[in-house]
Number of protein chains: 2
Amino acid sequence: MCELLGMSANTPTDIVFSFSGLMQRGGKTGPHSDGWGIAFYEGKGLREFRDPSPSCDSEIANLVCRYPIKSNIVVSHIRQANAGRIALENTHPFTRELWGKYWTFAHNGQLKGIKKYPLKHYFPVGTTDSEHAFCWIMDQIRERFPRPPKRTSTIQKFIQKLCDQLWELGVFNMLLTDSRYLFCYCSTRLNWITRRAPFDQASLKDADITIDFAKETTENDVVTVVATDPLTIDETWQAMNPGEMVMFDQGELCK
Amino acid sequence: MCELLGMSANTPTDIVFSFSGLMQRGGKTGPHSDGWGIAFYEGKGLREFRDPSPSCDSEIANLVCRYPIKSNIVVSHIRQANAGRIALENTHPFTRELWGKYWTFAHNGQLKGIKKYPLKHYFPVGTTDSEHAFCWIMDQIRERFPRPPKRTSTIQKFIQKLCDQLWELGVFNMLLTDSRYLFCYCSTRLNWITRRAPFDQASLKDADITIDFAKETTENDVVTVVATDPLTIDETWQAMNPGEMVMFDQGELCK
């Protein structure tokens, strides 16, 4: 199993607090020591950090913890390798361009037989089942929608259908973003929380860190964090159901 | 004008020495203060760092200087914006996937009218003429070679032809790599140097740093560095001619 972390916010927000908890699971409080990666969106622009070494003692992960990168969307992943050797090209998240936007994907689980799914436009660089699944998703979206559909609900439903199909191959918890929306699919385990005014304080489960969000935010901020397991001990996270997909736009759940 | 820096090596090599010189030009010894980026290949895998703030006082650039990432191919760029506002999505280098490989591109110059060139497969995320040119190059390669041609010289000639065509639109100095070969095209200014045994010492032009390569290398190492202007004061760099393209494979010039 790997650990996923995502964020969607209505104002550029740093993820230092959540990431500080997550990175402990990369070899310290968790067994996920086969690399990690994080993608930050700033508008349409993308900044990625990736390391095939354990996050708990990665110099780059330390930088990400120290250096507050403000972002509207974040997708992060720490890896416990099952399919595909430990290598930079097998380190999530993965990114491809479609419609002049960077799409980013991270996956937790295993997909039996995914490599038999034919690809046309996008091809994996590494050898993971996850990257193959991502290329297949992107291929399907591109084939079906050479241009972006007018309604977001159209693409939302289409992605949900693709995820349902992939779920049949095994375990498929994923985060996917097109730089605006954050799509989250749960096949076994995924939790989320939306923080908004009045903000309270929260304590990490994996590190001795407490934050007072009231001091870090303005009253208009809406920030959703998605993670494999809840990252804090004193907040109520929403557990997703198997086969459920949720989509966030600027921190808000889209219904 | 922007500054380009590339490396091709037959063994994973860090670029700390050269990058330490280059980053000074981002706002300190040079005027290129509108962002910078660097892409490191480790095999087929790619690690990128990108920052729209000046490299001379970027925390991430400091990390890259301190933390020796060993790589076979590097493409880096510091930017003085002319076309496209200062933003993360306009920060070189740019990357796209073709044939299951990450291709990376950085450009110095301006290309008048490039945005009229139609695109089919790859679309720019930002607004620079450079990214449009890159998407057009990738489009042309993909159209002409749906699969990689058998001979490298075939693709080399094809890329040279595309570059010649782009040069007609203005200034076009570029670095391009498919994760194995480093293609370098000069329209006005590009210099390179190949270092091999017996190694000597060298001093940076832009910072008070001297390195003794003999201590840092083994006698089999072959490392080529390409830069807009020579980065050292005590070595002989090869100045490229306008319209010239060179290609390096594992540090060696391909003829």
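Residues numbered from 1 in each chain as written. Chains lettered and ligands numbered in written order. Predicted model: local features only at pLDDT ≥ 70, side-chain atom pairs only at ≥ 80, totals over all residues. Heavy atoms only, no water.

**Student:** Please give an account of the overall build of chain A that cites residues and values.
**Tutor:** Counting its regular elements, chain A contains five helices and 15 strands. Scaling as 2.2 N^0.38, a compact globule of 255 residues should have a C-alpha radius of gyration of about 18 Å, and chain A matches this with 17 Å. Counting only C-alpha atoms and orienting by the principal axes, one finds that chain A spans roughly 50 × 40 × 30 Å. The buried share of chain A, reckoned over its 255 residues, is 61%. Long-range contacts, defined here as pairs at least 24 residues apart, represent 70% of the contacts in chain A between residues at least 6 apart. (Helix = DSSP H or I, 4+ residues; strand = E, 2+ residues; numbered from the N terminus. Rg over C-alpha atoms; globule rule 2.2 N^0.38 Å. Buried < 20%, exposed > 50% of the residue type's maximum accessible area, 1.4 Å probe, protein only. Contact = heavy atoms within 4.5 Å.)

**Student:** Hey, could you go over the packing of helix H3 (residues 129–144) of chain A against helix H4 (residues 152–167) of chain A for me, with residue numbers and the actual values?
**Tutor:** Residue and element names in this part refer to chain A. In the contact formed by H3 and H4, the axes pass within 11 Å of each other and the chain directions differ by 140°. Classified by the angle between their axes, H3 and H4 sit oblique to one another. Here H3 runs over H4; the crossing is right-handed. Across from Ala133, Trp136, Ile137, Gln140, Ile141 and Arg144 in H3, the residues of H4 making contact are Ile155, Phe158, Ile159, Leu162, Gln165 and Leu166. Along the lines of polarity and charge, the residues of the contact of H3 with H4 split into nine nonpolar, two polar and one charged. (Axes fitted to C-alpha atoms, helices over the stretch in contact; angles between N-to-C directions. Parallel < 35°, antiparallel > 145°, perpendicular 65-115°, else oblique. Left-handed = near helix turned anticlockwise from the far one by under 90°. Nonpolar A, V, L, I, M, F, W, Y, C, P; charged D, E, K, R; others polar.)

**Student:** So what about the pairing of strand S2 (residues 36–42) of chain B? Which residues, and what values?
**Tutor:** Consecutive side chains along a regular strand alternate between the two faces of the sheet. Residues and elements named next belong to chain B. Judged by how many residues are buried, S2 sits mostly within the fold: six of seven residues are covered. Here seven bridges tie S2 to strand S3 (residues 45–51), and the two strands are oriented antiparallel to one another. Paired with Ala39 across the two strands is Glu48, which belongs to S3. Counting the residues in the hairpin turn of S2 and S3 gives two residues, including Gly43, whose phi is positive at 65°. Direction of pairing for S2 relative to strand S4 (residues 71–78): antiparallel, over a ladder of six bridges. Each bridged residue has a counterpart across the sheet, and for Gly37 the counterpart in S4 is His77. (Pairing = 2+ DSSP bridges.)

**Student:** Let's hear about the interface of chain A and chain B: which residues, and what values?
**Tutor:** Many analyses report the size of an interface as the accessible area lost when the parts associate. Taken together, the contacts link 31 residues of chain A with 31 residues of chain B. Buried area between chain A and chain B, both sides added, is near 2,700 Å², and the carbon and sulfur share of it is 51%. The three residues of chain A that bury the most area against chain B are Leu88(A), Glu97(A) and Val125(A), which together make up 20% of that side's buried surface. Along the contact surface separating chain A from chain B lie four salt bridges. Its salt-bridge partner being Arg47(B), residue Asp51(A) comes within 3.4 Å of it at the nearest N-O pair. One can count 16 residue pairs in polar contact (both at pLDDT 80 or more) joining chain A with chain B. Among the secondary structure elements, those contributing two or more residues to the side of chain A that touches chain B are strand S3 (45–51), helix H2 (59–66), strand S5 (94–98), strand S6 (101–108) and H3 of chain A. Here the side of chain A that touches chain B takes seven residues from S3(A), the largest share from any one element. (Buried area = accessible area lost by both parts, 1.4 Å probe. Salt bridge = Lys/Arg side-chain N within 4 Å of Asp/Glu carboxyl O. Polar contact = N/O pair within 3.5 Å; in protein donor to acceptor, adjacent residues only side chain to side chain.)

**Student:** Pulling in residues and values, what's your account of the relation of the copies chain A and chain B?
**Tutor:** It takes a turn of 180° to lay chain A on chain B, together with a shift of 0.0 Å along the axis; the resulting RMSD is 0.0 Å. The transformation just described matches what one would write down for a two-fold rotation axis. Taking C-alpha positions as the reference, the residue of chain A nearest the rotation axis is Glu48(A), at 3.2 Å. A shared interface surface links the copies, since 100% of the contact residues of chain A are contact residues in chain B too. (Least-squares fit on C-alpha atoms with pLDDT ≥ 70 in both.)

**Student:** Give me the packing of aromatic side chains: which residues, what numbers.
**Tutor:** Taken as a whole and assessed by the stated rule, the structure comprises 25 aromatic pairs over all chains. Ring geometry for Phe49(A) and Phe49(B): centres 5.8 Å apart, planes at 70°, overall edge-to-face. With Phe49(A) in strand S3 and Phe49(B) in strand S3, this residue pair bridges two chains. When the ring of Trp167(B) is compared with that of Tyr185(B), the centres are 6.5 Å apart and the planes differ by 70°; the resulting orientation is edge-to-face. Highlighted residues: Trp167(B) in helix H4 (residues 152–167) and Tyr185(B) in strand S8 (residues 181–186), separated in sequence by 18 residues. On the accessibility criterion, Tyr185(B) (0% relative accessible area) is buried. Chaining the aromatic ring pairs together yields one cluster made of Phe105(A), Phe134(A), Trp167(A), Phe172(A) and Tyr185(A). (Phe/Tyr/Trp six-rings, centres within 6.5 Å; stacked < 30°, edge-to-face > 60°.)

**Student:** Outline the sheet that holds strand S12 (residues 223–227) of chain A, supporting the account with residue identities and numerical values.
**Tutor:** Strand order in this open sheet of seven strands is S3-S2-S4-S1-S12-S9-S13 (chain A), and the pairing throughout is antiparallel. Strands with a single pairing partner mark the edges of an open sheet, and in this sheet they are S3 and strand S13 (238–239) of chain A.

**Student:** Can you tell me about the sheet that holds S2(B), naming the residues and giving the values?
**Tutor:** Residues and elements named next belong to chain B. Read across the open sheet, the seven strands follow the order S3-S2-S4-S1-S12-S9-S13; overall the sheet is antiparallel. Each edge of the sheet is formed by a strand with only one pairing partner; in this case those strands are S3 and strand S13 (238–239). Relative to S13, strand S9 (residues 191–195) runs antiparallel, the two sharing two bridges. Bridge pairing links Trp192 to Gln238 in S13.

**Student:** Any chance you could break down unusual backbone geometry for me, citing the residues and the numbers?
**Tutor:** Backbone geometry follows two general trends: most residues other than glycine have a negative phi, and most peptide bonds adopt the trans configuration. Here the amide bond leading from Ala197(A) into Pro198(A) is cis, since omega sits at -5°, within 30 degrees of zero. Its place among the elements puts Pro198(A) in the loop between strand S9 (191–195) and strand S10 (201–203). The omega torsion of the bond from His92(B) to Pro93(B) falls at -10°, within 30 degrees of zero and hence cis. Topologically, Pro93(B) is positioned in the loop between S4 and strand S5 (94–98). Of note, the phi angle at Trp99(B) is positive, near 55°, even though the residue is not glycine. Examined against the element boundaries, Trp99(B) turns out to sit in the loop between S5 and strand S6 (101–108). Overall, the relative accessible area of 17% leaves Trp99(B) in the buried class. The phi dihedral of Gln250(B) is positive, around 50°, even though this residue is not glycine.

**Student:** Can you lay out the side chain of Asp139(A) for me, pointing to particular residues and giving the numbers?
**Tutor:** Among the secondary structure elements, Asp139(A) is positioned in helix H3. Buried and unpaired, Asp139(A) has no salt bridge, with Arg142(B) as the nearest side chain of opposite charge at 6.6 Å. Not counting chain neighbours up to four residues away, the residues in contact with Asp139(A) comprise Pro118(A), Leu119(A), Lys120(A), His121(A) and Tyr122(A). (Lys, Arg positive; Asp, Glu negative; His and termini not counted.)

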